[in-house]
Amino acid sequence: MKILGIETSCDETAAAVVDYSRGETRVLSNFIYSQVALHAPYGGIVPELAARKHIETLAALVRKSLEEAKTSMDEIEAIAATHGPGLIGSLLVGLSYAKALAFGRKIPFVGVNHVEAHLTSCWIEKPELAQKPFLGLVVSGGHTALFYVKKLSNYTRLGSTRDDAVGEAFDKAAKLLGLPYPGGPAIDRLAKEGSEKAVHFPRAQIKNARYAFSFSGLKTSVRHEIERRGGLTALSEKDKADVAASFQQAAIRALVLKALKAARDKKVDDVVIVGGVAANTRLRAECASLEKKEGLRFHFPAFKYCTDNGAMIAALGGRLLEAGIHHDETLPAVSRLPVGEAA
Ligand code: KG4
Ligand code: ZN
């Protein structure tokens, strides 16, 4: 079944064509138009600009995806689009476009939960992971949450962040250090020049919540540390690198400790890490070093499936359609769409 997938939940416009059949996904095309440069001068995403840019770019991106997939619209058998969670204006662009196209063409339409698509994106390259439960850690600019994924459409949310998402913490810490937006890759690079032990940032203590995260205190600690050293202008390059490395280590430690705890509690063998922060080289190194010791396998989908993309939307759409799930033209965009049951 050839499926067109459309993703516009945040600041990336994405479209893809996949060929899905019985658990196997072939990605025929996967295009992302990044709005990073548009939002960079503001130090964060401006929702109205994001929605307006989606309107400008989506149709051309869909045409490009069809071309690359050597497929005409006549061969597309279904359309999947993100209907939440995300920025409401952004969501409405992709969802309305996808529904209009599907109903105009009289082909099935399925609305996909963006976070569920991230969680199941590992099934594109490793379909065998769909055969048994795993632990999913979603770490992006908008989300930080830990899930127990039993099977398709059966997700238990074990815990999530009480305040900032971890990617947001990277972005804010980077801003405090005078680094460009998005801050994650900039901190990742700079941290390589610094010492992780230079500053001891305290770990957030969250009462009565085994798997919850909190990153706003860490961000505040970074601000205090910079002030203690006389402010940003007084910092040497080495100082900045030390603060970046110590911050990164603290953020990653918090993620890894909670994931390990949950993996032991839930007795899973596989931990899947997705979202923009999964690109972090320190996080990957830490997980690799833990694999043997903990008897776990960590999986990081290819970067193109890890960050926001259309292939994960189309691939999950295929599985949902196969399970008999589809939607009519009334499906709303929902900015705070929950994922699974809370534990
Ligand atoms: O998943 P994503 O591309 O978009 C959404 O938030 O939905 O994630 C973007 C986030 C940003 O906060 C960015 O700073 C962070 O991922 N990020 C990283 C790295 N690359 C991107 N954070 C830490 N280390 C990285 N190498
Ligand atoms: Zn995302």
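Worth saying up front: this structure is predicted, and the values here are computed from it rather than measured. (Residues numbered from 1 in each chain as written. Chains lettered and ligands numbered in written order. Predicted model: local features only at pLDDT ≥ 70, side-chain atom pairs only at ≥ 80, totals over all residues. Heavy atoms only, no water.)

Peer 1: Can you help me understand the overall build of the protein in this one?
Peer 2: When helices and strands are tallied, the protein shows 12 helices and 11 strands. A globule of 343 residues ought to have a C-alpha radius of gyration of about 20 Å, and the protein, at 20 Å, matches this closely. The proportion of buried residues among the 343 residues of the protein is 54%. Nonlocal contacts in the protein, meaning residues at least 24 apart in sequence, comprise 75% of its contacts between residues at least 6 apart. (Helix = DSSP H or I, 4+ residues; strand = E, 2+ residues; numbered from the N terminus. Rg over C-alpha atoms; globule rule 2.2 N^0.38 Å. Buried < 20%, exposed > 50% of the residue type's maximum accessible area, 1.4 Å probe, protein only. Contact = heavy atoms within 4.5 Å.)

Peer 1: Teacher, can you tell me more about the environment of I187 here?
Peer 2: When you line up the elements, I187 lands in helix α7 (residues 183-191). Since its relative accessible area comes to 0%, I187 is described here as buried. Sequence separation between I187 and H299 is 112 residues; the distance between their C-alpha atoms is 23 Å. In contact with I187, other than residues within four places in its own chain, are F170, A173, A174, L179, A244, F247 and Q248.

Peer 1: Teacher, can you tell me more about the sheet that holds strand β1 (residues 2-7) here?
Peer 2: In any sheet, the strands associate via hydrogen bonds between backbone groups, in a parallel or an antiparallel arrangement. Taking strand neighbours across the sheet as the criterion, the 5 strands line up as β3-β2-β1-β4-β5 in an open arrangement whose pairing is mixed. The open sheet has two edge strands with one neighbour each: β3 (24-34) and β5 (109-113). Adjacent strand axes in the sheet meet at a mean angle of 20°, parallel and antiparallel pairs treated alike. Relative to strand β2 (residues 12-21), β1 runs antiparallel, the two being bridged by 6 bridges. Within β2, the position partnered with I3 by the bridge is V18. In the packing of helix α2 (residues 47-68) onto the sheet, the strands contacted are β1, β2 and β3, and the crossing angle to β2 comes to about 30°. (Pairing = 2+ DSSP bridges. Axes fitted to C-alpha atoms, helices over the stretch in contact; angles between N-to-C directions.)

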